[in-house]
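Below are the chains, spelled out letter by letter.
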Amino acid sequence: MYVGTLSFDLLLGDVRSLKEKRSIVRPIVAELQRKYAVSAAETGGQDLHRRAEIGLAVVSGDTGHLTDVLDRCERLVAARPEVELLSVRRRLHSDED
């Protein structure tokens with residue numbers, strides 16, 4: 001069994017309230033969950049208007065499949081025009097770690 005995680009550090013565009021921020025972050029999280037069957041959530045920066053951290057995790061029996069899903073998720077977030085992807089942290093864990 002393998003577990004892959006991604007953590008995205010995002011800079012949001014012209015956002016002036018937490019409500020506006022949620023209107024950008026929630027659809028991204030929902031699309032990741034719907035398209036790729038991953039566990040995803042906003043994991044940091046909840047009190048900041050223009051910054052967000054989204055974390056996700058995937059479990060698979062095959063590292064190739066795991067890497068493919070993580071790559072697709074990263075491309076999806078990077079392609080969103082309303083956010084700037086500042087950094088991505090990727091980790092792969094096996095049940096032998």
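Residues numbered from 1 in each chain as written. Predicted model: local features only at pLDDT ≥ 70, side-chain atom pairs only at ≥ 80, totals over all residues. Heavy atoms only, no water.

As annotated in an unreviewed UniProt entry, the chain carries the name DUF503 domain-containing protein and comes from Streptomyces sp. 900116325.

Engineer: Tell me about the overall build of the chain, and name the residues and values.
Structural biologist: Along its length, the chain carries two helices and four strands. Along the chain, helices and strands appear, N-terminal first, in the series β-α-β-β-α-β. Computed over the C-alpha atoms, the radius of gyration of the chain is 14 Å, within 12% of the 13 Å expected from 2.2 N^0.38 for a compact globule of 97 residues. Seen through its principal axes, the chain has C-alpha atoms that stretch 45 × 25 × 20 Å. A fraction of 72% describes how many contacts in the chain between residues 6 or more apart in sequence connect residues 24 or more apart. For the chain, the accessible area works out to roughly 5700 Å², and carbon and sulfur atoms hold 48% of it. When the 15 basic and 16 acidic side-chain charges of the chain are each reduced to a single mean position, those positions are 7 Å apart. (Helix = DSSP H or I, 4+ residues; strand = E, 2+ residues; numbered from the N terminus. Rg over C-alpha atoms; globule rule 2.2 N^0.38 Å. Contact = heavy atoms within 4.5 Å. Areas by Shrake-Rupley, 256 points an atom, 1.4 Å probe, with all protein chains shown as cover. Lys, Arg positive; Asp, Glu negative; His and termini not counted. Charge placed at Lys NZ, Arg CZ, Asp CG, Glu CD.)

Engineer: Go over the nonpolar core with me, naming the residues and quoting the values.
Structural biologist: Counting 23 residues, the largest nonpolar core has Leu10, Leu32, Val38, Ile54 and Leu56 as its most contacted members. Every element with two or more residues in this core is listed here: β1 (2-12), α1 (18-36), β3 (51-60) and α2 (63-78). Tallying contributions element by element places α2 first for this core, with six residues. Ignoring any residue separated from it by four or fewer positions in sequence, one finds Leu32 in contact with Ala37, Val38, Ala40, Ile54, Leu56, Cys73, Leu76 and Val77. (Core = buried A, V, L, I, M, F, W, Y, C linked by side-chain atoms within 4.5 Å. Buried < 20%, exposed > 50% of the residue type's maximum accessible area, 1.4 Å probe, protein only.)

Engineer: Report on unusual backbone geometry, specifying residues and quantitative values.
Structural biologist: Even without being glycine, Ala37 reaches a positive phi, approximately 50 degrees. Here Ala37 lies in the loop between α1 and β2 (39-44). Ala37 sits in the exposed class, given a relative accessible area of 70%.

Engineer: Talk me through the pattern of salt bridges; I want residue IDs and the actual numbers.
Structural biologist: Summed over the entire model, instances satisfying the criterion amount to ten salt bridges. A salt bridge links Asp9 to Arg51; the nearest nitrogen and oxygen atoms lie 2.7 Å apart. Residue Asp9 is found in strand β1, and its partner Arg51 is found in strand β3; the two are separated by 42 residues along the sequence. Looking at Arg51, the relative accessible area reads 33%, which means it is partly exposed. Arg80 serves as the salt-bridge partner of Glu82, at 2.8 Å between the closest nitrogen and oxygen. (Salt bridge = Lys/Arg side-chain N within 4 Å of Asp/Glu carboxyl O.)

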